[in-house]
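As a plain string of letters, each chain reads:
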Amino acid sequence: MKQRRNKTLPRVLLLAAAAALLCLAVYVKSVAAYQRAVQETRFEEVDLNAIPDGTYTGEYDVQFIRAKVAVTVQDGAITEIQLLEHKNGRGEAAETVLEEIVSQQRVAVDAVSGATNSSIVLEKAVENALTKR
């Protein structure tokens with residue numbers, strides 16, 4: 001009976017180690033895909049004068065960061081951006097980028113230091129709101 005236990009324990013530990021390595025590999029692959037998605041995000045200039053007055057909803061998701069916004073346009077200007085959702089990890093500071101977009105009247109503004117990825121996701125959510133009609 002004792003020999004049987006001695007053989008079972010190493011097998012269980014080996015299986016647990018293999019499962020942990022598999023989980024780590026999946027996580028590392030997910031992080032790489034997320035980072036690639038952020039780096040490959042491109043912005044187009046949005047002609048605000050061509051957008052009819054109204055409120056438009058847009059979102060952007062790069063797996064670890066997700067944002068959903070409602071953008072109000074009136075007389076060719078962004079008058080308000082409401083943050084409907086922001087899954088951000090530690091990127092909450094990036095939410096100030098929405099005020100900059102309204103202030104500068106353009107989507108691509110300087111990212112918030114320390115929250116660059118969240119800034120990019122928020123900006124792209126705004127662009128998506130303004131370009132999907």
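Residues numbered from 1 in each chain as written. Predicted model: local features only at pLDDT ≥ 70, side-chain atom pairs only at ≥ 80, totals over all residues. Heavy atoms only, no water.

Student: In this structure, what is going on with helix H2 (residues 97–104)? I would like to understand it.
Tutor: Every α-helix winds through 3.6 residues per turn, so residues three or four apart in the chain are directed the same way. Looking only at H2, the buried set comprises Val 97, Leu 98 and Ile 101. On an axial view of H2, the arc spanned by its buried residues comes to 110 degrees, and they lie on one face. Seen from the open side of H2, the exposed residues pointing more than 90 degrees away from its buried face are Glu 99 and Ser 103. On the buried face of H2, the contacting elements are strand S3 (77–87) and helix H3 (116–131). Gln 105 sits one or two residues past H2 and shows a positive phi near 55 degrees. (Buried < 20%, exposed > 50% of the residue type's maximum accessible area, 1.4 Å probe, protein only. Helix = DSSP H or I, 4+ residues; strand = E, 2+ residues; numbered from the N terminus. Arc of directions from axis to C-beta. Contact = heavy atoms within 4.5 Å.)

Student: Just to check I follow, could you spell out the layout of surface pockets for this structure?
Tutor: Taking a probe equal in size to a water molecule and rolling it over the atoms shows the remaining empty space. Considered as a void within the structure, the largest pocket measures approximately 220 Å³ in volume. Together, Tyr 34, Phe 64, Ile 65, Asn 88, Gly 89, Arg 90, Gly 91, Gly 114, Ala 115, Thr 116, Asn 117 and Ser 118 line the largest pocket. Among the residues making up the lining of the largest pocket, the classes are represented as four nonpolar, seven polar and one charged. (1 Å grid on protein atoms, 1.4 Å probe; cavity = no way out; pocket = protein on both sides within 12 Å on 5 of 7 lines; lining within 4 Å. Points joined across faces, edges and corners; volume = space filled by probe spheres on them. Nonpolar A, V, L, I, M, F, W, Y, C, P; charged D, E, K, R; others polar.)

Student: Just to check I follow, could you spell out a nonpolar patch on the surface for this structure?
Tutor: Among the surface-exposed residues, Leu 21, Leu 24, Tyr 27 and Val 28 lie close enough to one another that they form a single nonpolar patch of about 430 Å² accessible area. With respect to the helices and strands, Leu 24 occurs in helix H1 (residues 2–39). (Patch = residues over 30% accessible without salt bridge, like charges linked within 9 Å, V, L, I, M, F, W, Y side chains within 5 Å. Areas by Shrake-Rupley, 256 points an atom, 1.4 Å probe, with all protein chains shown as cover. Salt bridge = Lys/Arg side-chain N within 4 Å of Asp/Glu carboxyl O.)

Student: Can you help me understand the packing of H2 against H3 in this one?
Tutor: Viewed as axis vectors pointing N to C, H2 and H3 meet at an angle of 45 degrees, and their least axial separation amounts to 10 Å. Judged by the angle between their axes, H2 and H3 are oblique. At the point where H2 passes H3, the crossing takes the right-handed sense. The residues of H3 that touch H2, namely those facing Val 97, Leu 98 and Ile 101, are Ser 119, Leu 122, Glu 123 and Val 126. Here the residues of the contact of H2 with H3 sort into five nonpolar, one polar and one charged. (Axes fitted to C-alpha atoms, helices over the stretch in contact; angles between N-to-C directions. Parallel < 35°, antiparallel > 145°, perpendicular 65-115°, else oblique. Left-handed = near helix turned anticlockwise from the far one by under 90°.)

Student: Looking at this model, I keep getting lost on the pairing of strand S2 (residues 66–74). Mind explaining?
Tutor: Within a regular strand, the side chains alternate between the two sheet faces. Within S2, seven of the nine residues are buried, leaving the element largely enclosed by the surrounding structure. In the sheet, strand S1 (residues 54–61) pairs with S2 via eight bridges, with the strands oriented antiparallel. In the strand pairing of S2, Gly 58 is matched with Val 69. Counting the residues between successive antiparallel strands, the hairpin from S2 to S3 contains two residues, one of them, Asp 75, with a positive phi of roughly 55 degrees. (Pairing = 2+ DSSP bridges.)

Student: Would you take a moment to explain the pattern of salt bridges for this structure?
Tutor: Close approach of charged atoms lets side chains of opposite charge pair. A full pass over the atoms with the stated rule returns three salt bridges. Where Glu 59 meets Arg 66, a salt bridge forms, and the shortest distance between an N and an O atom there is 2.8 Å. The class for Arg 66 is buried, based on a relative accessible area of 19%. Salt bridges here are not isolated pairs; linked through shared partners, they connect Glu 59, Arg 66 and Glu 85.

Everything listed here is a matter of coordinates, which is why it stays silent on function.
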